[in-house]
Structures are given as structure tokens and as C-alpha cells.
Amino acid sequence: MSIKLTVNGATRELDIDPDMPLLWAIRDHLELTGTKFGCGMALCGACTVHLDGQATRSCVLPVSAAQGRQITTIEGLSTPAGRAVQSAWVGLDVPQCGYCQSGQVMSAAALLAANPKPSDADIDTAMAGNICRCATYVRIRGAIHQAAEQLSAAAPAHG
Amino acid sequence: MYFRQTDIEQVAARGGGTPAELTRRQFLKLTTVAGSGLTLGIVLPGCGRGPLGGAGVAGSTSHPLAIPFVRVAPDNTVTVICKHVEAGQGVWTGLPAIVAEELDASWEQMRVESAPAEVPAYQNMAFVPLGVHAQFTGGSTAVANSWEQLRHAGATARAMLVAAAAQEWRVPPGEIIVSEGVLSHAAAGRQATFGELAGSAARQAVPATVRLKDPAGFRIVGREKLPRLDSRDKSTGKQQFAIDVKLPGMMTAVVMRPPRFGGKVSSFDATKAKAVPGVVDVVQIPRGVAVVGRDMWSAKKGREALGVTWDESGAEKRGTAELMKEYRAMGRGKEAATVVESGDVEAALARATKRVEGEFEFPYLAHAPMEPLTAVARLSPDKCEIWAGCQFQTIDQANAAAAAGVKPEQVIINTLAAGGTFGRRANAESDYIAEVASIARATGGKYPVRLIWTREDDVTGGRYRPLNYHRISAAVGKDGKVAFRQRVVGQSIIGDTPFAATMMKNGVDPTAVGGSAPEQYDLADAHVSWTRATVGVPVLWWRSVENTHMAFSKEVIIDELAQSAGRDPVEFRLSLLGKHPRHTAALRLVAEKAGWDQPFPKQKGRGRGVAVHESFGSVVAQVAEVTVSGNKIRVDRVVCAVDCGIAVTPDVVRAQMQSGIGYGLSAALLGKITLTDGHVDQSNFHQYQVL
């Protein structure tokens, strides 16, 4: 069946099973491998993408439900929040094995887009669904705070 | 996180494998393609006919003895060829740091790539004295066993660059200054980058000896914040893992494995599986039935439609409750292999007025790396190429060869970054790599094939940290001397592997039991024994191996002894560490930084504890501050002191300790694999919970 997906601004038509999780369409058919498979049950967050700007677990979302929506993967992340998060991630050397980090970055970018000044508790809540077996959590929290500061410094002054 | 600075010379003498062998080695210059710059490898004198043991690099066009470690290219990059897998531990930063230091390179020009599978050149030097000649990453040895090797590689490359500049500029080499990847001679008014001199450096004679830097002059090794070389790719989704490999025509496979360990395929019906759109093949392999599809989704759907009848006559059918019951009885039965013995523990315990007794039950634990086991194979008539996050390169090579039906030297191992491993990707049977090679063989090499384990495959797939039972009796005598008797019951990790021949000592598997109290404290009377359990559940080293359970029970009992003697836990430990200066220093440091001498705020449910332990040559002491409310445990703060010898990349060491603390807390607070009638009860992260 023909499925039309708009990923990172480009629309592609794929002849795939409409029940196929978005994750596998992105990875196996669009060949964008930055989005990772970790559990297949929306339990670990490695597969996080943005669906109309919202952090979404692509491993359980059927491609048919992603039609007509704006899908952003780590490869297409270019929002100010996304860039600030990635720069903080590099600056603090957050990644260890790195496998979960695409998902962590996508969740963090969505958090900062919605809440530019998150508290520790906000971060813990928003990031709770993203597992890192290397336990980079302390640095993730630090990097989100740093990205928030960078964004607020870059934002035009009001009043 | 606090580091104790250890005398660098002392550590260098202790670590780094076998210096005697290293001094017999010379660096060999590799000149492959004209204008490609300088590549340095090692050659073992007297080995005229190819590498000793193991397989060579299939298809290699270079000199058979030429094993590159460092490459200085005309584009001014310096590439370190890394014999270890990067699995998050930071070896892609640590090993380049060693080379960059001796070379006086700038950190920005450093690059890293994985070495091919090759012994002896890329063998893990730390295990050579144990009779293990293999290329692998494990035992916390990557930096220590590469230290001397890579310092020499860097220093040799530097000397040749200097010789090239001296020749070109007609100045004495001793007057040339090298700094940040630039050579210069002030009086002659000349300067050049490594890249500009790479070609002429390759034409210089390889010096027989080189002078290594005085550690006092180190500027990269030990630098507080040396950026990791892989952070950018890992923050932008660009890092390639095995699961990301794309080859023309590649198919994806999943395997249906026996529901109980030790089960075998009796028969299978592939009709429905083959009817699933996208499924291209269903084949039996030694470990189960593989379903191959054009993508992961079709392979997975195909597996769901597959009907397999299992022969479970040889399967393990016991559950963990039953096993633990047997372990408890074994812990009271016939005394088995002695691990450590000193004095007369029975007499000392009999004399004691107050004994501390402890029983400990440790569950099976899955490693659960974030990247589930994945490997890609491409089989052609004369070779088999493997892409995986290989932790056991030459062993994986041999196992892939056997499974694919080719010779080891025909297997090309491409080691990619591993999405975590914690020991899981290092197993003597190379389970997932042998599987993908079997599938490639069973499908006749028609297409490259990528095998993916689902999370359920991973959690139910065995090779766990062994289930363990400890029973301890201990006492403090009036003289302050400690008597300590411990019985450990559990499976052997190496007992049924080729490692047993050289690593089992007096019937004891050092990876199953070790780091016990009498090895870590000065105890007058002690006895530790190990009883090997035979169970059909496959077990494996799991991050820090035997120490995960041995350190736990040891430190709990030592703490209870302090309490029973009415003594402070830190002071009591120090009194038993007279012969352990590194333990003493780490413990003192952590106590100081945690404010141990300050009264701890009295608050209901709040407390702090301390522990110290040495494993794999590093001594770690921690103070944990914890709040308990009801059945909820909150770890408020952990203060950690580590003596790991030279902290080559201190921030990576810090990251590793943060990681170890998190991984350990996961296990202590949440982790548990249980079996009922031989079936694993957990399947994914909702049941096998992690932090």
C-alpha cells in the first residue's frame, strides 16, 4: 500500500504495510538511521522523533497514522532548541556509547521548545521515558540547563 | 568525583602488559601508496612468515607483518588505529590521547578508526601472561595494555617527522621544536605541519629506540577536559552502529530461539511465515530458525507466523526459586574448592563472643545494552565479511568462520561502535555473530544479511550475570582481629569455555568468585570457598564481573562487624587496611570529601554508608547518602574516589564512574531476571526495569 510521509521537510511515497511502525519506515525505507531501535514497545525512547513538533515514540506508531504530519528525525533537527541541545551535548561530552542519544536529544529539544526554562523536576519528568544504560543522566540534566541558558541568552530582549 | 594522583612512574611500571616483550618490538614503517604519508606499525623480530597464531588480515595488500597503529596523513590528520571496541568507555578518546601526547600533536587533528582482527599485533597484552592470545576488550585493560605500545608509536612517529624536518631544513634534529602538530626551527625561520612533512617522514629510517616523554611534561594525558572524539557524531545521529549498516541488496533476519535454554528445533512449518509479504527465506540454523525479510518489520511479522516444535529433552526446566533452594542447600553441604585461606577461621569463630552472620541471594541480571545484539554478514565464495560491535575480534572471527564454513583468515571483521555491551558482546561462542554467519551460509550468500535481536530476544536470551548465593560468618576478636568465612555458590562463567584451560586455578573460576574480604583486607583468620552449580542457563561476565556480588556481601558484612564492635565504619576499615595503601588512600579521600567527620543531619529515614573495593586494578571508595521512606529508596548523593592509576582522560574516567554508579544502582534497586519452569519471566524494559 502506498504511504506518503513528510520527513525533514521532504515528502516521499513508500509502498509498505500501513501497520509498519514509523521507526522501521524511517530506518529501513528512508534510510535515515539516526533514529534507533531499542525496545519496540515505547519503553526506552531511543526511537524518539518529532511529530508536528511533539516528541513521539516512532517504534509503536503505525506509519498510516503519521501521514499528513510533519515528521522530524535527528538528521533534520534544526530548531534553535535542537541546535542548543546538540551544542550542549558536545560541550559537556554527554554521550558514552551514544546509542540512545538521538532519542535523548529529540526529547530534550521538544522539552525546551515547550518549556524554555525547565527545573530539575521538569527535566526528570520530560526525560523519564528515555533510558540510557550508560547512565549519562547527570550530564543530560546539566546539558539541558546549559542549552536553556544559551537559548535565553540568544533570545531577543523584551521590553 | 575525586581522583587520587598516583605516582605515574610507579603505575607505568606496573601496568602496560609485558614490557619485556615490548622492548623487543620495533616499529615498522609502512609505505603503501606513494604520497599517503607516514604509517607506523610494529614488527616482531624473527617472525618472517606472517603473524604468530590466529588469522591474518584477509585481502590485505600490505606487508604481512605490517600492523598499523598510527597514520600521519598529508591532510594533517593523525589517525590512531584502535584495537579495542568503543562501547561508551571512551577508548576512542583515551588511546588517541596517548599517541597525541608523545607525538606533540594538536588534539584537533586526532582521528580514530577500528583495527582489523589480528593477533599477535592487536592482542590484548594484559592477558598474554594468562596464556590468552586474543584481540578483545575486557577486564578494564584497554588503556593499560595500550599504554607502552602507543607511547612508543607516538614517539617513533614524532622522531621521524623531526628527522624529515632536519633533513629538509639542514638543521640538527635536536634544535627542532614540536608543538601542537607543528615543527619549527626559530633560527632557520622554518616551520611545517605534520601533514606537510608526512611524505618525507615516511622516507626516514625508523629509529631503533625512542625517548619517551617525562610524565612531568604531559600536556594531553591528564588534561582535565579533553573533548571526546565521538561526542559530535553521537549527538547528531551520525555515529554508525552495526544496526545502521546498509549494503546493496541487504536483507534483515530475526531468529526464533528455543523457549527454554538447551532446547532444540524438532521441526518447523514455514508456510505461514513465507506467506507474510516481504519474507524472503526461512532457514534452520544451529541455534533456531531464522526468518529473513526485506526489512525488519516483515522479518518480525514472519517470525510471529512461524510454527516451531521444540525438542526440550535436554532443556533446563528449573526455575530460579528452585535453583536458589538448591544453592542454599549446597552452601551448607560439602565444602568445595578453596579460594583463599589463612590462619584458622574455625577456631577464631569458635572463640568469638559475637558473630555476624549473613546470607545473600543475587539474581541473574541481563546486560541489556541499548543497542540490541546486531551483526551484518556478507558471504562470498572466498570470504565472509562481518560488521558488528565486536568485543572479541579474533574469537568472533574464528566463530564466524566455523559457522560460515570458511577459514578464519577469510573472515574480515569490521568493528563498529557498540551501542553498549557491559560484557554481553564478549562471549566465547560469539553467539550473535555465529548466528548471522550461519544465516548467511544457510541462505547461500545470496544477499548480505543483517541480524537484529529484539529487546525480547535480548532479555530472554541468557548469558546473564550468574545467580549467586553467599553465606558468611564473621567476628571481631577482642584484639580487633577479624575472622571471616564465606561460602559462595554459583555457576562458572569460563568453566565450559576455552578460557578454562589457562584461567581456572585449583578448580576455581576467578570470574565467578574473587575480590573477597581476605584479598582486600588484612584478616588474620579467613576462609573463602566456591561451590560450582551446574545449570543450563548460560551465564557471562556482566560489568565488573564477580565484583558485583563479592564486593556487596563483603562490604555489608564488614559494616556489620564495625557496628557489632561499636566502631566507626571508616575507622574500622582503615584499621584493616594496613597492607593496602591504595585502599587506605581512596577511603581517606572519600571520607574527607563526603564530610564523614561531620555529624550527619538526623532525619528520619536518612543515612549514609561507605564502601571500598578494588577490582581490575582500580580502587574505588564511595559514600552514599540515602533516604528511605516506606519501601522507596532515594539515593541523594554519591561521593566517589577512584585510584585508577594514571587518569589519561580524567573526564572520561569521571563519566565511567558516573556510569558505573548508575548501572550498579539499576541492579541493586531494580534488576532481576527470574525463571519459572525454565522460562524467563521478563521480556522487555517494563519487566526488566532499569534506571
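In what follows, the accompanying structure is described. Computed from a predicted model, the values in this text were never measured in an experiment.

Quick notes on the overall build of chain A
Okay, so step 1: When helices and strands are tallied, chain A shows 6 helices and 5 strands.
Okay, so step 2: If one aligns the C-alpha atoms of chain A with their principal axes, the spans along those axes are about 50 × 40 × 25 Å.

A look at the interface of chain A and chain B
Okay, so step 1: Facing the 39 residues of chain A at the interface are 42 residues of chain B.
Okay, so step 2: Those elements that place two or more of their residues in the side of chain A that touches chain B are α1 (22–29), α3 (80–91), α4 (101–114) and α6 (137–154) of chain A.
Okay, so step 3: Within the side of chain A that touches chain B, the residues separate by chemical class into 23 nonpolar, 10 polar and 6 charged.

Thoughts on helix α3 (residues 91–103) of chain B
All names here are of chain B.
Okay, so step 1: With 13 residues, α3 should reach 18 Å at 1.5 Å per residue; the first-to-last C-alpha distance of 18 Å fits that figure.
Okay, so step 2: By the criterion of burial, α3 is predominantly enclosed, with 13 of the 13 residues buried.
Okay, so step 3: Two residues or fewer past α3, aspartate 104 is found with a positive phi of approximately 60°.

Re unusual backbone geometry
Residues and elements named next belong to chain B.
Okay, so step 1: That bond from valine 119 to proline 120 is cis: its omega, 5°, falls within 30 degrees of zero.
Okay, so step 2: Even without being a glycine, serine 544 presents a positive backbone phi close to 70°.
Okay, so step 3: Residue serine 544 is classed as buried on the basis of its 24 C-beta neighbours within 10 Å.
Okay, so step 4: Phi at phenylalanine 616 is positive, roughly 50°, even though this residue is not glycine.
Okay, so step 5: Along the chain, the position of phenylalanine 616 falls in the loop between β24 (606–615) and β25 (618–629).

Some thoughts on the sheet that holds strand β7 (residues 177–179) of chain B
All names here are of chain B.
Okay, so step 1: Overall, antiparallel pairing links the 3 strands, which are arranged β7-β8-β9 in an open sheet. Of all the strands in the sheet, just β7 and β9 (190–193) have a single pairing partner and so form its edges. Averaged over all neighbouring strand pairs, the angle between strand axes comes to 20°, with direction disregarded.
Okay, so step 2: As judged from the 3 bridges shared by β7 and strand β8 (residues 182–185), these two strands associate in the antiparallel manner.

Some details on helix α12 (residues 431–442) of chain B
Residues and elements named next belong to chain B.
Okay, so step 1: Taking 1.5 Å of rise per residue, the 12 residues of α12 would be expected to cover 16 Å, and the 16 Å separating its terminal C-alpha atoms lies within 8% of that figure.
Okay, so step 2: Most of α12 is tucked away: 11 of the 12 residues are buried.
Okay, so step 3: Among the residues of α12, Asp431, Tyr432, Ile433, Ala434, Glu435, Val436, Ala437, Ser438, Ile439, Ala440 and Ala442 are the ones counted as buried.
Okay, so step 4: Taken from the residues just after α12, glycine 444 is the one with a positive phi, measuring 65°.

Procedures and definitions
- Residues numbered from 1 in each chain as written.
- Chains lettered and ligands numbered in written order.
- Predicted model: local features only at pLDDT ≥ 70, side-chain atom pairs only at ≥ 80, totals over all residues.
- Helix = DSSP H or I, 4+ residues; strand = E, 2+ residues; numbered from the N terminus.
- Contact = placed C-beta atoms within 7 Å.
- Nonpolar A, V, L, I, M, F, W, Y, C, P; charged D, E, K, R; others polar.
- Expected span 1.5 Å × (residues − 1).
- Buried ≥ 20, exposed ≤ 12 C-beta atoms within 10 Å, placed from the backbone.
- Pairing = 2+ DSSP bridges.
- Axes fitted to C-alpha atoms, helices over the stretch in contact; angles between N-to-C directions.

It is worth stressing that arrangement in space is one thing and function is another; only the former is reported here.
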